[in-house]
Amino acid sequence: MASIPCALIVLLICLSQDHMGVQGKTPTVFSSEGGNATLPCRKVVPPDCSSTEWIYTGSKAIGEVFTNGKISYTAVTHRAKGLSLGSDCSLHITDVTTEDVGLYTCNQEQVYLSVLQVSASPSETEMETNSNVTLNCVLHTPDNWDGIDKTKGVSMSWADETKKDLKIIENCETKTPPPCSITRTEELRGPNSVYTHTCQLTAGGQVQTSVSHTIKVKG
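1. So, unusual backbone geometry
Part 1 of the argument: Cis rather than trans, the peptide bond between Ser121 and Pro122 has omega equal to -5°.
Part 2 of the argument: Here Pro122 lies in the loop between β9 (109–121) and β10 (126–127).
Part 3 of the argument: Positioned with a positive phi, Asn68 is a non-glycine residue whose angle comes to about 55°.
Part 4 of the argument: Mapped onto the elements of the fold, Asn68 is located in the loop between β4 (62–67) and β5 (70–71).
Part 5 of the argument: Unlike most non-glycine residues, Gln108 shows phi in positive territory, near 75°.
Part 6 of the argument: By relative accessible area, Gln108 is classed as exposed at 66%.

Shown next as structure tokens:
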């Protein structure tokens, strides 16, 4: 039997190890509080979704949300409705809340859900002239989240009605501890003016989601 040169054996081992070590990032779906989210199932078992299993892993609970052809709310006790399965076995979530943030697994394939939330202090939507309001935009991410290419980063920005950036924070997933947030304080001048500010999230070089907050100045 002919012997195989040692150099060739080493080369074959190295090629095998490199191939096995190539792994993609776990994808992330971004949504906003009160919005909708569709989580794709990347491992559909033919011919339909009857054998599909969705598992939710959050900071407070873990369990099945779809199994044996039925939606289950056991693991998502904050919900009584709002979950459904698409024809492609994707998981649809309506009226998203920050409690929906987590890691979702469909037939052993994982996807993260992160949620953008805006709050105001004071919280009134109608205020007196010359009042100050502070807007806070927070990106809620799952525990141990690593679903974004760090070289592309995640950016958050405040924009006014003209879509002009008023304030921006870049690479917030590495520069600030979670959850990442960006604030803006505005003096309301009127009367009879309406102020709308939008918090926009950019990840992987593309706009992913946004949330708007509107305040009316009393006349």
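2. Description of the state of the cysteines
Part 1 of the argument: Considering all chains together, one arrives at three disulfides under this definition.
Part 2 of the argument: Across a sulfur-sulfur distance of 2.0 Å, Cys41 and Cys106 are joined as a disulfide pair. Between Cys41 and Cys106, the S-S torsion sits near -70°, and that sign places the bridge as left-handed. Here Cys41 is found in the loop between β2 (37–39) and β3 (54–57), whereas its partner Cys106 is found in strand β8 (residues 102–106), with 65 residues between them in sequence.

3. Some remarks on the side chain of Ser131
Part 1 of the argument: Along the polypeptide, Ser131 turns up in the loop between β10 and β11 (132–140).
Part 2 of the argument: Residue classification places Ser131 among the buried residues on the basis of a relative accessible area of 19%.

4. Considerations on the pattern of salt bridges
Part 1 of the argument: With the rule as written, the count across this model stands at four salt bridges.
Part 2 of the argument: With a closest N to O distance of 2.8 Å, Asp100 and Arg79 form a salt bridge. Separated by 21 residues along the polypeptide, Asp100 in the loop between β7 (91–93) and β8 and Arg79 in the loop between β5 and β6 (83–85) bring together distant segments of the chain.
Part 3 of the argument: Judged by relative accessible area, which is 1%, Asp100 ranks as buried.

5. Thoughts on the nonpolar core
Part 1 of the argument: With 25 residues, the main nonpolar core has Leu116, Cys137, Met156 and Cys199 as its most contacted residues.
Part 2 of the argument: For this core, the secondary-structure elements that each account for two or more residues are β9, β11, β12 (154–159), β14 (180–187), β15 (194–203) and β16 (206–217).
Part 3 of the argument: Look past the residues within four positions of Cys199 in its chain and what remains in contact with it is Leu116, Val118, Cys137, Met156, Ser157, Trp158, Ile182, Thr209, Ser210 and Val211.
Part 4 of the argument: The next biggest cluster of nonpolar side chains, apart from the first, holds 22 residues, and it includes Val29, Ala75, Cys89 and Val111.

6. A short note on the packing of aromatic side chains
Part 1 of the argument: Applying the stated criterion to the full structure yields two aromatic pairs.
Part 2 of the argument: A ring pair is formed by Phe30 and Trp145, whose centres lie 6.2 Å apart and whose planes are at 85°; its orientation type is edge-to-face. Of the two residues, Phe30 is situated in strand β1 (residues 28–32) and Trp145 in the loop between β11 and β12; the sequence distance between them amounts to 115 residues.
Part 3 of the argument: Since its relative accessible area comes to 10%, Phe30 is described here as buried.
Part 4 of the argument: Ring geometry for Tyr56 and Tyr104: centres 5.0 Å apart, planes at 50°, overall tilted. Here Tyr104 lies in strand β8 and Tyr56 lies in strand β3, a separation of 48 residues in the sequence.
Part 5 of the argument: The buried category is assigned to Tyr104, whose relative accessible area is 2%.

Reading guide: rules and limits
Residues numbered from 1 in each chain as written. Predicted model: local features only at pLDDT ≥ 70, side-chain atom pairs only at ≥ 80, totals over all residues. Heavy atoms only, no water. Helix = DSSP H or I, 4+ residues; strand = E, 2+ residues; numbered from the N terminus. Buried < 20%, exposed > 50% of the residue type's maximum accessible area, 1.4 Å probe, protein only. Disulfide = S-S within 2.5 Å. Salt bridge = Lys/Arg side-chain N within 4 Å of Asp/Glu carboxyl O. Core = buried A, V, L, I, M, F, W, Y, C linked by side-chain atoms within 4.5 Å. Contact = heavy atoms within 4.5 Å. Phe/Tyr/Trp six-rings, centres within 6.5 Å; stacked < 30°, edge-to-face > 60°.

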